[in-house]
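A closer look at the structure
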Amino acid sequence: MPQSLRTAVITAHGQPSAPGPAEAELAATAAAVAAHLPGWDVRSATLAAPGRLEEVMEDDAVVYPFFMSRGYFTSKALPARLQGKTCRMAAPFGLDADLPDLAARAVRQASGAKGWPLQETHLLLAAHGSARGPRAAEAAEAFAASLSPLLPGCSLTLGYVEQDPRIAAAASPLPAQSLCLPFFAQAGDHVKQDLPEALEAAGVGGTVLPVAGALPGVPALIAKAIQAASLDGRAAG
């Protein structure tokens, strides 16, 4: 008999006001990850889609949190939804040590395409932040600290949607040769609405790169993390 597939479940916050598009986007991400994981059944579920996570979960699955930090949703909301299931939990996407390399490559390519020397380019890292606690900002700050040395000469500024410094305030003094990298897993309302509004309020045009979760190389990065978690002897349940 053929050996049964191992199961991985990629989960993200999703969009509570309209779960469908984010669910479809995450399913596309899961399909791209599956191409790097032969022998695995890679599933997906946003927390915003009622019952979806419970529908796709199986015991002994590897759960991959497509989140940017180990904050409220990954430390409380997700474990509560998984209660009664035995699984292995990978580290959240935003904490992956390989993510700054992917981001640096995208920034270098974008600045090069515009003919901007890296030393004359400014990068705005637009992150969520949180009024619930410090974890979201800590993850963004750690990412910025790892990214900065990979972009020698490029100035980097952090701005947040839900805490100070707000994106508009952080962006207002930026020069014309500025790029914006949204430190988000998916392009939800914060990226599609709040970010453009903040940049417009700051009078900044610039170029907005894809969200961190859509950067080239992310599916392979996620696949690697799922494999590492599957070998970890610790299981949650």
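Moving on, we come to the layout of surface pockets. Taken as a whole, the largest pocket encloses approximately 990 Å³ of empty space. Every residue lining the largest pocket is counted, 41 residues in all, and those nearest its centre are His13, Phe67, Phe73, His128 and His190. For the lining of the largest pocket, the per-class residue count stands at 19 nonpolar, 15 polar and seven charged. The space that makes up the second largest pocket amounts to roughly 200 Å³. Breaking the lining of the second largest pocket down by element, the ones donating at least two residues are strand 1 (6-12), strand 3 (61-65) and strand 4 (87-89). Of the residues assigned to the lining of the second largest pocket, the class counts are six nonpolar, four polar and four charged.

Time to look at the nonpolar core. Proteins that are soluble and globular tend to have nonpolar side chains buried together. Residues Ile10, Tyr64, Phe66, Phe93, Leu181, Ile222 and Ile226 are the most contacted members of the largest nonpolar core, which totals 50 residues. The next biggest cluster of nonpolar side chains, apart from the first, holds 16 residues, and it includes Leu124, Ala170, Ala202 and Val204.

This paragraph deals with the sheet that holds strand 2 (residues 40-46). The strand order 2-1-3-4 describes an open sheet built from four strands, whose pairing is parallel. Every other strand in the sheet has two partners, leaving strand 2 and strand 4 as the edge strands with one partner each. For this sheet, the mean inter-axis angle between neighbouring strands, taken without regard to orientation, is 25°. Bridge count between strand 1 and strand 3: four bridges; the pairing is parallel. Following the sheet pairing, Ala8 is matched in strand 3 by Val62. Contacts from helix 1 (residues 19-34) reach strand 1 and strand 2, with the element oriented near 160° to strand 2.

Aromatic rings in a pair are described by how distant their centres are and how their planes are angled relative to each other. What the rule picks out here adds up to four aromatic pairs. Aromatic pair Tyr72 and Phe73: ring centres 5.1 Å apart, planes at 80°, arrangement edge-to-face. Overall, the relative accessible area of 36% leaves Tyr72 in the partly exposed class. Taking relative accessible area as the criterion, Phe73 reaches 28% and is therefore assigned partly exposed. A connected cluster of aromatic rings, assembled from ring pairs, spans Phe67, Tyr72 and Phe73.

Take the pattern of salt bridges next. Applying the stated criterion across every chain yields a total of seven salt bridges. Salt-bridge contacts for Arg52 lead to Glu23; the nearest nitrogen and oxygen are separated by 3.4 Å. Of this pair, Arg52 sits in helix 2 (residues 52-56) while Glu23 is found in helix 1, placing the two residues 29 residues apart along the sequence. Arg52 sits in the partly exposed class, given a relative accessible area of 26%. Its relative accessible area of 14% is what places Glu23 among the buried residues. When the shortest N-O distance is used, the salt bridge between Arg43 and Asp41 registers 2.8 Å. Assessed through its relative accessible area of 25%, Asp41 is described here as partly exposed. The structure contains a network of salt bridges with shared partners spanning Glu23, Arg52 and Glu55.

This brings us to the environment of Ile167. Residue placement: Ile167 occurs in helix 6 (residues 167-171). Judged by relative accessible area, Ile167 falls into the buried class, the value being 3%. For the pair Ile167 and Glu120, spaced 47 residues apart in sequence, the C-alpha to C-alpha distance is 21 Å. Residue contacts for Ile167: discarding those within four places in its chain leaves Leu124, Ala126, Ala127, Gly159, Tyr160, Val161, Leu195, Ala198 and Leu199.

Another point: unusual backbone geometry. In this chain, Asp164 is followed by Pro165 through a cis amide linkage whose omega measures -5°. You can see Pro165 is positioned in the loop between strand 6 (155-160) and helix 6. The residue Asp60 is not glycine, and still its phi comes out positive at about 70°. The class of Asp60 is exposed, set by a relative accessible area of 62%.

What counts, and at which threshold
- Within every chain, residues take consecutive numbers counted from 1 along the sequence as written.
- Totals for whole chains, interfaces and linings use every residue, but because this is a predicted model, local features are given only for residues with pLDDT of at least 70 and side-chain atom pairs only at 80 or more, for both listing and counting.
- To get the side-chain values, take all heavy atoms of the structure and skip hydrogens and water.
- Definitions used for this entry: grid spacing 1 Å over protein atoms alone; cavity, a set of points where a 1.4 Å probe fits but cannot get out; pocket, an open set with protein on both sides within 12 Å along at least 5 of 7 lines; lining residue, one with an atom within 4 Å of a point.
- Grid points are joined across faces, edges and corners, and a volume is the space filled by probe spheres set on the points.
- Residues are grouped as follows: nonpolar covers Ala, Val, Leu, Ile, Met, Phe, Trp, Tyr, Cys and Pro; charged covers Asp, Glu, Lys and Arg; every other residue, Gly included, is treated as polar.
- For the purposes of this entry, the term helix denotes a DSSP run of H or I that reaches at least four residues, the term strand denotes a run of E that reaches at least two, and both are numbered from the N terminus.
- Throughout, nonpolar core names a set of buried Ala, Val, Leu, Ile, Met, Phe, Trp, Tyr and Cys residues whose side chains join them through atoms within 4.5 Å.
- For every residue, the accessible area obtained with a 1.4 Å probe (protein chains only) is divided by the maximum for its type, and the residue is called buried under 20%, exposed over 50%, and partly exposed between those limits.
- By the convention used here, strands pair only if DSSP detects at least 2 bridges between them.
- For helices, the axis comes from a line fit to the C-alpha atoms of the stretch in contact; other axes are also lines fit to C-alpha atoms, and the angle between any two N-to-C directions lies between 0 and 180 degrees.
- Contact criterion: two residues are considered in contact whenever any of their non-hydrogen atoms come within 4.5 Å of each other.
- When two rings of Phe, Tyr or Trp (its six-membered ring) have centres within 6.5 Å they constitute a pair, described as stacked for plane angles under 30 degrees, edge-to-face for angles over 60, and tilted for the intermediate range.
- A pair is scored as a salt bridge if a Lys or Arg side-chain nitrogen falls within 4 Å of a carboxyl oxygen belonging to Asp or Glu.

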